[in-house]
Amino acid sequence: MKIGLYFGTFNPIHVGHLIIANHMVENSDLDEIWMMVTPHNPFKKKSSLLENHHRFELVYRATENYPKIRPSDIEFKLPQPNYTVHTLAHISDIYPEKEFCLIMGEDNLKSLHKWKNYETILEHHHIYVYPRIAEGTVEHQFKNHPKIHKVDAPIIQISSTKIRNGIKNQKNIKPLLTKEVWDYIDEMNFYRK
């Protein structure tokens, strides 16, 4: 079984994440997508994140109706800050019968050369890249790499930051979230301060 790992803080998960995950699983050779809720991205300030269990609950609710898309909290149990290379090694040990691939936006591919042990990642895993509008260029070594696959997916310009700011400023952001995600955010009074 081929699993695409879609990492993110999902703070909060929005319809753009679901569109990309669903497009990837329906239009590639991936059998499932696991939404890997990251407790702390080394490149993001931790203070702006909802608690881990709340973000996992949002992803769980968002993906309930998608049998090929599953939430994962596996990174919560790993030392922090965590790096993708460590998660991939850990998850491959737990599920040796599965093949794990990375899903990332083109913006992340442009900074892949800065990732911890990116050579090890490419040695053992394929990467599926969806288009993003972003500054910068992809490093030459990644342009025709046999393990990097560009997927013709819709370009989604929705940001969790704008959603959080919209909620804080009392804007109607409901179309950007599933009903289940909005209901939980509303019920828990998240992002209002």
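About the cut-offs
Residues numbered from 1 in each chain as written. Predicted model: local features only at pLDDT ≥ 70, side-chain atom pairs only at ≥ 80, totals over all residues. Heavy atoms only, no water. UniProt positions renumbered as here; feature names shortened; annotations may be inferred. Buried < 20%, exposed > 50% of the residue type's maximum accessible area, 1.4 Å probe, protein only. Helix = DSSP H or I, 4+ residues; strand = E, 2+ residues; numbered from the N terminus. Pairing = 2+ DSSP bridges. Right-handed = clockwise from strand over helix to strand, strands pointing away. Core = buried A, V, L, I, M, F, W, Y, C linked by side-chain atoms within 4.5 Å. Contact = heavy atoms within 4.5 Å. Phe/Tyr/Trp six-rings, centres within 6.5 Å; stacked < 30°, edge-to-face > 60°. Lys NZ or Arg CZ within 6 Å of the ring centre and 35° of its normal. Salt bridge = Lys/Arg side-chain N within 4 Å of Asp/Glu carboxyl O.

The protein chain appears in an unreviewed UniProt entry as Probable nicotinate-nucleotide adenylyltransferase from Polaribacter aquimarinus. Here is the UniProt Function (unreviewed entry) comment for the protein chain, exactly as written: "Catalyzes the reversible adenylation of nicotinate mononucleotide (NaMN) to nicotinic acid adenine dinucleotide (NaAD)." In its Catalytic activity (unreviewed entry) section, UniProt records this for the protein chain: "nicotinate beta-D-ribonucleotide + ATP + H(+) = deamido-NAD(+) + diphosphate".

Right, let's talk about the pairing of strand β1 (residues 2–8) for a bit. Where burial is concerned, most of β1 is hidden: seven out of the seven residues are buried. Side chains Lys2, Gly4, Tyr6 and Gly8 of β1 all project onto a buried face; the interleaved residues Ile3, Leu5 and Phe7 project onto the opposite face, where all are buried too. Alignment of β1 against strand β2 (residues 32–37), held across six bridges, turns out to be parallel. Along β2, the bridge assignment pairs Ile3 with Glu32. Note on the crossover from β1 through helix α1 (residues 15–26) to β2: the handedness is right-handed.

Where a protein is soluble and globular, its nonpolar side chains tend to be buried together. Ranked by internal contacts, the top residues of the largest apolar core, which has 34 residues, are Tyr6, Ile13, Ile33, Met35 and Ile185. Broken down by element, this core gets its largest block of residues, five residues, from α1. With residues up to four places along the chain from it excluded, the contact list for Met35 reads Tyr6, Phe10, Ile13, His17, Ala21, Val59, Thr63, Ile69, Arg70, Pro71 and Ser72. Of all hydrophobic cores here, the second largest spans 23 residues; its members include Ile3, Leu5, Phe7 and Ile148.

What follows covers the packing of aromatic side chains. A complete count under the given rule lists nine aromatic pairs for this structure. Pairwise contacts between aromatic rings join Tyr6, Phe10 and Tyr130 into one cluster. In this structure, Lys116 is placed above the aromatic ring of Tyr83, and the distance from its NZ or CZ to the ring centre is 5.5 Å.

With that settled, consider the pattern of salt bridges. Scanning all chains against the criterion turns up nine salt bridges. With its nearest N and O atoms 2.7 Å apart, the salt bridge here joins Glu57 to Arg61. With Glu57 and Arg61 both in helix α2 (residues 52–63) and four residues apart, the pair spans about one turn of that helix. Between Lys77 and Asp73 there is a salt bridge, and its shortest N-O distance comes to 3.1 Å. Lys77 sits in the exposed class, given a relative accessible area of 61%.

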